Amino acid sequence: RDTAWKAVAAAIDLPSWDRAPAANVLSDEPRVSTFPGFIRTEICEFLISLTPGRLEPAKVYDPVNREDIIAAHRNNTLATFDVHSVELAHVLVQARMSAACGIPARHMEAPSVLHYDPGEQIADHFDFVDPKSTPDYAGEIARNGQRIITFIVYLNQDYVGGETAFPRLGFSHKGSTGEGIYFVNALADLTPDLRMLHAGCPTTRGEKWIVTQFIRSRPTR
């Protein structure tokens, strides 16, 4: 573990870390941008190395019962790093994300590392807080904010399939190791953008690893 951390630390160029990296815009409106080489391979490997013993079935939030539940449309696993388990590496990646999308890191939820075995996926879904299924939607937005941005970092590329698909925008994207992608889930007035339906397609060979970071319209901490 110490050796891995030293490799991560050596890979970070602190003077450039907080500067916005060059974006490759896949869609201007709604915005979908990618960042090749967003983080180095050593950092990707380190983040994966933190997951043994932490992976559990991925769940979705049920706003009616206000709890996370297992849902039929996703069958992958994930490890979430809350305030008690987050590492400096996660914080550094969040700082890099903040520079890329222009939203302060204090607006970010706890980061998660997602793992997909062959055949696992998360089918078409939205990431925004949905007024149709959220009791006291106005209160929820006032308290916790809207999920305005989803930021993903691809931690590996040695798998087949597994694209991030945007069916209503007409394209999909398969990231390379260390590449980042973010997309905007809500309109300027914080109402959901229904164009942002997306999916994590199933892999047909190999394991897929990503970081997923949800970013709110107001501070979460």
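For clarity, every value in this text was computed on a predicted model and none was experimentally measured. (Residues numbered from 1 in each chain as written. Predicted model: local features only at pLDDT ≥ 70, side-chain atom pairs only at ≥ 80, totals over all residues. Heavy atoms only, no water.)

**Considerations on the overall build of the protein chain**
Under the convention used in this document: Runs of E in the DSSP output that reach at least two residues are strands. Runs of H or I that reach at least four are helices, and both are numbered from the N terminus. When a residue's accessible area, from a 1.4 Å probe over protein chains only, is under 20% of the maximum for its type it is buried; when over 50% it is exposed; and in between it is partly exposed. We call two residues in contact when some of their heavy atoms are within 4.5 Å. Working definition of accessibility: Shrake-Rupley area with a 1.4 Å probe, residue cover restricted to the visible protein chains.
Secondary structure assignment for the protein chain yields five helices and 16 strands. Across the 221 residues of the protein chain, 50% fall into the buried class. A separation threshold of at least 6 residues defines the contact pool for the protein chain, and within that pool the share at least 24 residues apart is 77%. Counting every atom, the protein chain has about 10600 Å² of accessible surface; 52% of that belongs to carbon and sulfur.

**Some remarks on the nonpolar core**
Side chains of a nonpolar character, in soluble globular proteins, are inclined to be buried together. The test is simple: We define a nonpolar core as any set of buried Ala, Val, Leu, Ile, Met, Phe, Trp, Tyr and Cys residues linked to one another through side-chain atoms lying within 4.5 Å.
Grouped together as the largest cluster of nonpolar side chains are 31 residues, with contacts concentrated most on Phe38, Ile39, Leu47, Met97, Phe151, Val153 and Leu155. Secondary structure elements with two or more residues in this core: α3 (41–49), α4 (88–101), β9 (147–154) and β16 (208–216). In terms of residues, this core owes the most to one element, α4, which gives six residues. Not counting chain neighbours up to four residues away, the residues in contact with Met97 comprise Phe38, Met108, Phe151, Val153, Val211 and Gln213. In terms of nonpolar packing, the next biggest core, distinct from the first, is built from 14 residues, Val32, Ile122, Ile152 and Phe183 among them.

**What about the sheet that holds strand β8 (residues 122–125)?**
The cut-off we apply is this: If DSSP finds at least two bridges between two strands, the strands pair. Note on geometry: axes are C-alpha line fits, over the in-contact stretch for helices, and angles between N-to-C directions span 0 to 180 degrees.
If you trace the four strands from one edge of the open sheet to the other, you get β8-β14-β11-β12, paired in antiparallel fashion. Each having just a single partner strand, β8 and β12 (171–173) make up the two edges of the open sheet. Direction aside, neighbouring strands of the sheet carry axes that sit 15 degrees apart on average. In this structure, β8 lies alongside strand β14 (residues 198–200), joined through two bridges in antiparallel fashion. Within the sheet, the bridge partner assigned to Ile122 lies in β14 and is Gly200.

**Side note on α4**
Quick reminder of the rule: Here a helix's expected span is defined as the number of its residues, less one, multiplied by 1.5 Å.
Its 14 residues give α4 an end-to-end C-alpha distance of 20 Å, which sits within 8% of 20 Å, the value for a rise of 1.5 Å per residue. With eleven of its 14 residues buried, α4 lies for the most part within the structure. The set of residues buried in α4 consists of Ala89, His90, Leu92, Val93, Gln94, Arg96, Met97, Ser98, Ala99, Ala100 and Cys101. Just beyond α4, the residue with positive phi is Gly102, at close to 80 degrees.

**Concerning the sheet that holds strand β3 (residues 56–57)**
Read across the open sheet, the eight strands follow the order β1-β2-β13-β9-β16-β7-β6-β3; overall the sheet is antiparallel. Two strands in the sheet have a free side with no partner beyond their single neighbour: β1 (24–27) and β3. The strands that α4 touches are β2 (32–35), β9, β13 (180–184) and β16; relative to β9, the one it contacts most, it runs at about 120 degrees.

**A few points about the pairing of β13**
Across the five residues that make up β13, a large majority, four, are buried. When β2 meets β13, the two strands line up antiparallel, connected through four bridges. If you follow Thr34 over to β13, its bridge partner there is Ile181. Sheet analysis places β9 next to β13, joined by five bridges and oriented antiparallel.

**Considering the pattern of salt bridges**
Spelled out, the test is: Between Lys or Arg on one side and Asp or Glu on the other, a salt bridge is scored when a side-chain nitrogen of the former is within 4 Å of a carboxyl oxygen of the latter.
Following the criterion strictly, the structure yields nine salt bridges and no others. The salt bridge partner of Arg31 is Asp28, with a shortest N-O separation of 2.7 Å. One salt bridge in this structure joins Arg147 and Glu109, with 2.7 Å as the shortest N-O distance. A residue pair is termed long-range when its members are at least 10 positions apart, and Arg147 in strand β9 and Glu109 in the loop between α4 and β7 (112–116) qualify at 38 residues.

**Re the pairing of β1**
Direction of pairing for β1 relative to β2: antiparallel, over a ladder of three bridges. Paired with Asn24 across the two strands is Thr34, which belongs to β2. Between β1 and the antiparallel strand that follows it, β2, lie four residues.

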